[in-house]
Amino acid sequence: MIGFYGEKNMKSRAEVAKKDTWNLEPLYINVDAWKKDFTELSLLAEKDWQEIATLKKEFTPDVAYIKRLIEAHFAISRKIDKLFTYVRLWLDQDITNTEAKNAYMLALAVAQGYQEAVSWIEPKILATSESFLKKCLDSDLLKEYRVFIHRLIDQKAYVLSEESEKLMSYASRLDRAPNEAFKALNNADLVFGSVEDSEGKKHPLTHGLYQVYMKSFDRTLRENTYRTLHNTFRGFENTIGELLSGELQTHLFQKKARSYPSCLEASLIGNQIPKSVYMNLLSTVEKNTSALHAYTSLRKEALDLDELHYWDMGVPLIQDVEWKFTFEEACEIVIASVAPLGKEYQEILRKGLLEDRWVDVYENKGKRSGAYSGGSYDSMPYILLNFHGTLQDLMTLSHEAGHSMHTYLSNKNQKWHEARYPIFLAEIASTVHEQLTDDYLLQITEDVDKRLYLLQSQIDGIRNTFFRQTLFATFEYKIHELVEEEEALTPLVLKTLYGELNQKYYGPSLIIDEELKSEYLRIPHFYYNFYVYQYATGIATAIFCAKKLHQGDKEAYLQLLKSGASDYPMALLKRAGIDLESTAIIENCIETFSELVKKFEKELSKIRTSR
Ligand SMILES: [Zn+2]
């Protein structure tokens, strides 16, 4: 199973070799330097952020004034960003470190205080006339802030009177209730007890262990796990159904109050994503579910089962392979695999990973679990890992390094306020890295078991990130449609819809059990307001980009990474030759999936006949 290192053997933070830690010194040379900055900002906070307070009193719809306001606001935001980044990283090294914890809480209070102090800025600008906003947009003085102003103008069409906006802000405090209640139920109140394996041995069941057991080769354990977890949720299907309805009612409220064309469009307008991007994803996948059907039936055959149930969808089709990498080996593989991005790109990455110490590599006592890429405009693009040397860890390094290179190139080429790329683009660079690393490993690996292992991880990646998320996005779309038509979302309506979608996606080889029909009850993403489709468009775009890179076409892609948030995401993508309004990108992803499944099937039959 997964290599848990015993607490006993784990190093304390102080014992970790410097070379294995990230280098925070370029951010702040030491804690005293951070304290100096913190004190300065705290003093400013005490004076109501001085310049901001003065500007508030002097508000005038005047282009030069708006420039002063934006610049003062951005300058402080940038400082707070730097201050906060340092303590977050410092705390993540060891979350039991009370000095870091205290510093974190202090920085958080400063950041939150500032947010409140500037909450008037956008509404105040939005309350000016449309002609004034247009004047700002056309003014040379504000040229640098064109995107910022454009976004305000986009919102302007949906802004209400001052009185109504006040009411809306009160109402917004209620919006979080359904999601918060679901989180409390899901993370705290629900307990799943224990489940038995095929030998009658009991195992505790939690969310984390659910993922582990679903990959177990013990089918009884998988079935018991799947049924127990979902039946626990089914015991609350009326309550959770109401929470989900409540969440959708908050979306409907926004739609009606601000006169958006639909709930979906209300969520897309901020980033100017056309509705067709969403609908195109749904319809193209729906037309091509046969690709996923082929995989479902391959699973049934490979596992030699009379009946395939959902608890058979996660188990590996081949036994675990022993495949380990040192951190240095993993870095060399990732660097070699991104060769299609060019020598310069590879050199930046090499320096970051192996010389400048972007990465905090190993686990230590109290270190935050998981992995991420993070930092600020004024720091290196740091990477937190808990590296144990598995293939999974290698892929995680590749993924996070993709984020970090995107951040690096964006920060190098854009000003602070246009460097932070939006969520819609965020997973592209990381997934391109994964694709390139997968392709590279397949190219250099001859061992059949390892090849199968790699192919399976690629197939499951697309199944989970593309197909499953599109299924979710379709469900989300349909339940919003029902709510907009004032239909009641009863448990029967919800599970019928969810069951039908699963049958359509996975095809006739999969038995649709009652538990699967009720899976929607446990998905936190249904409270995120049309969020998940971005996982699917992200991976489809990344697969398309990786293909282009292999064809030697790298300039447009690099330009995309360098352009940060200097325009709306669709415009940036179009400049890189990516048009998500056409079906090509989505179709390419489905074709890639089909090819991988065929390759897997072929290699699998080769070893079956030879053994
Ligand atoms: Zn990511």
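Along each chain, residues carry numbers from 1 onward, in the same order as the chain's sequence is written. Selection of residues for local features in this predicted model requires a pLDDT of at least 70, selection of side-chain atom pairs for listing and counting requires 80 or more, and totals for whole chains, interfaces and linings are taken over all residues.

Peer 1: Lay out the overall build of the chain with the relevant residues and their values.
Peer 2: The helix and strand inventory of the chain stands at 26 helices and 5 strands. We compute the radius of gyration over the C-alpha atoms and compare it with the globule rule, which gives 2.2 Å times the number of residues raised to the power 0.38. Here the C-alpha atoms of the chain give a radius of gyration of 26 Å, agreeing with the 25 Å that 2.2 N^0.38 yields for 611 residues. With respect to the principal axes defined by its C-alpha atoms, the chain has extents near 80 × 60 × 50 Å. Exposure classes come from backbone-placed C-beta atoms, where a residue is buried if 20 or more other C-beta atoms lie within 10 Å of its own, exposed if 12 or fewer do, and partly exposed in between. Buried positions account for 35% of the 611 residues belonging to the chain. Whether two residues are in contact is decided by their C-beta atoms, placed from the backbone, lying within 7 Å. Sequence-distant contacts in the chain: of pairs separated by 6 or more residues, those separated by 24 or more amount to 74%. Numbering goes from the N terminus for both helices and strands, where a helix is a DSSP run of H or I of at least four residues and a strand is a run of E of at least two.

Peer 1: A description of the nonpolar core should follow, citing residues and the corresponding values.
Peer 2: Structurally, a nonpolar core is described as a collection of buried Ala, Val, Leu, Ile, Met, Phe, Trp, Tyr and Cys residues joined by way of C-beta atoms within 7 Å. Within the largest apolar cluster, 124 residues are counted, with the highest numbers of intra-cluster contacts made by Tyr86, Ile539, Ala540 and Cys589. In terms of residue count, the dominant contributor to this core is helix H20 (residues 448-484) (14 residues). Ignoring any residue separated from it by four or fewer positions in sequence, one finds Ala540 in contact with Phe466, Ile585, Ile586 and Cys589. In terms of nonpolar packing, the next biggest core, distinct from the first, is built from 7 residues, Leu55, Leu69, Cys136 and Tyr145 among them.

Peer 1: Which residues make up unusual backbone geometry, and what values go with them?
Peer 2: One non-glycine residue, Asp48, lies in positive phi territory at about 60°. For Asp48, the position within the fold is in the loop between helix H1 (31-46) and helix H2 (51-57). We classify Asp48 as partly exposed; it has 13 C-beta atoms within 10 Å. The backbone of Arg357 sits at a positive phi, close to 60°, despite the residue not being glycine. Relative to the helices and strands, Arg357 resides in the loop between helix H17 (343-355) and strand S3 (359-360).

Peer 1: Can you break down the sheet that holds strand S4 (residues 372-374) residue by residue, with the values?
Peer 2: One requirement defines pairing of two strands: DSSP has to find at least two bridges between them. Strand order in the open sheet formed by 3 strands is S3-S5-S4, with mixed pairing between adjacent strands. Of all strands in the sheet, those bounded by a partner on one side alone are S3 and S4. Inspection of the sheet shows S3 paired to strand S5 (residues 382-384) by 2 bridges, in the parallel sense. Paired with Val359 across the two strands is Ile383, which belongs to S5.

Peer 1: So what about the environment of Leu455? Which residues, and what values?
Peer 2: Looking at the secondary structure, you find Leu455 in helix H20. For the pair Leu455 and Tyr114, spaced 341 residues apart in the sequence, the C-alpha separation amounts to 49 Å. Contacts of Leu455, omitting those with residues within four sequence positions, involve Leu596, Lys599, Phe600 and Glu603.

Peer 1: An account of the confidence of the model for the chain is needed here, citing residue identities and associated values.
Peer 2: Each residue gets a pLDDT score, which is the predictor's confidence in that residue and runs from 0 to 100. Across the chain, pLDDT averages 94, with 99% of residues at or above 70. Considering only residues more than four positions removed or in separate chains, one finds that residues 1-6, a stretch of pLDDT under 50, has 4 contacts.

Peer 1: Can you explain the packing of H20 against helix H23 (residues 533-550)? Please cite residues and give values.
Peer 2: Where H20 meets H23, the closest approach of the two axes is 7 Å, and the angle between their N-to-C directions is 140°. Between H20 and H23, the interaxial angle falls into the category oblique. The two elements H20 and H23 cross, and the hand of that crossing is left-handed. Between H20 and H23, the contacting residues are Ile462, Thr465, Phe466, Gln469, Thr470 and Ala473 on the first element and Tyr533, Tyr535, Ala536, Ile539 and Ala540 on the second. In this analysis, axes come from line fits to C-alpha atoms, helices being fitted only over the stretch in contact, and the angle between any two N-to-C directions falls in the range 0 to 180 degrees. Here is the rule for angles: anything less than 35 degrees is roughly parallel, anything more than 145 is roughly antiparallel, 65 through 115 is roughly perpendicular, and the remaining ranges are oblique. A clockwise turn of the near helix away from the far one marks a right-handed crossing, whereas an anticlockwise turn of less than a right angle marks a left-handed crossing.

Peer 1: Could you give an account of the packing of helix H18 (residues 391-413) against helix H19 (residues 423-444), naming the residues involved and the relevant values?
Peer 2: Orientation of H18 relative to H19, taken along the N-to-C sense of each, is 135°, at an axis distance of 7 Å. The angle between H18 and H19 falls in the class oblique. In this structure, H18 meets H19 at a crossing whose hand is right-handed. Across from Met395, Ser398, His399, Glu400, Ala401, Gly402, His403, Met405 and His406 in H18, the residues of H19 making contact are Ala429, Ser430, Val432, His433, Glu434 and Thr437.

Peer 1: Let's hear about helix H12 (residues 237-258): which residues, and what values?
Peer 2: Side chains of residues three or four places apart in an α-helix project in the same direction, reflecting 3.6 residues per turn. Taking 1.5 Å as the rise per residue, H12 with 22 residues should run 32 Å; its terminal C-alpha atoms sit 32 Å apart, in good agreement. Ile240, Gly241, Leu243, Leu244, Glu247, Leu248, Thr250, His251 and Lys255 are the residues of H12 that are buried. One less than the residue count of a helix, multiplied by 1.5 Å, gives the span that helix is expected to have.

Peer 1: A description of the environment of Gly552 should follow, citing residues and the corresponding values.
Peer 2: Take Gly552: it is sitting in the loop between H23 and helix H24 (555-562). According to the C-beta neighbour criterion, Gly552 is exposed, with 8 such atoms within 10 Å. Along the chain, Gly552 and Thr490 lie 62 residues apart, while their C-alpha atoms are 53 Å from each other.

Peer 1: Hey, could you go over the environment of Gly366 for me, with residue numbers and the actual values?
Peer 2: Tracing the backbone shows Gly366 in the loop between S3 and S4. Each C-alpha atom of the pair Gly366 and Asn30 lies 21 Å from the other, and the pair is 336 residues apart in sequence.

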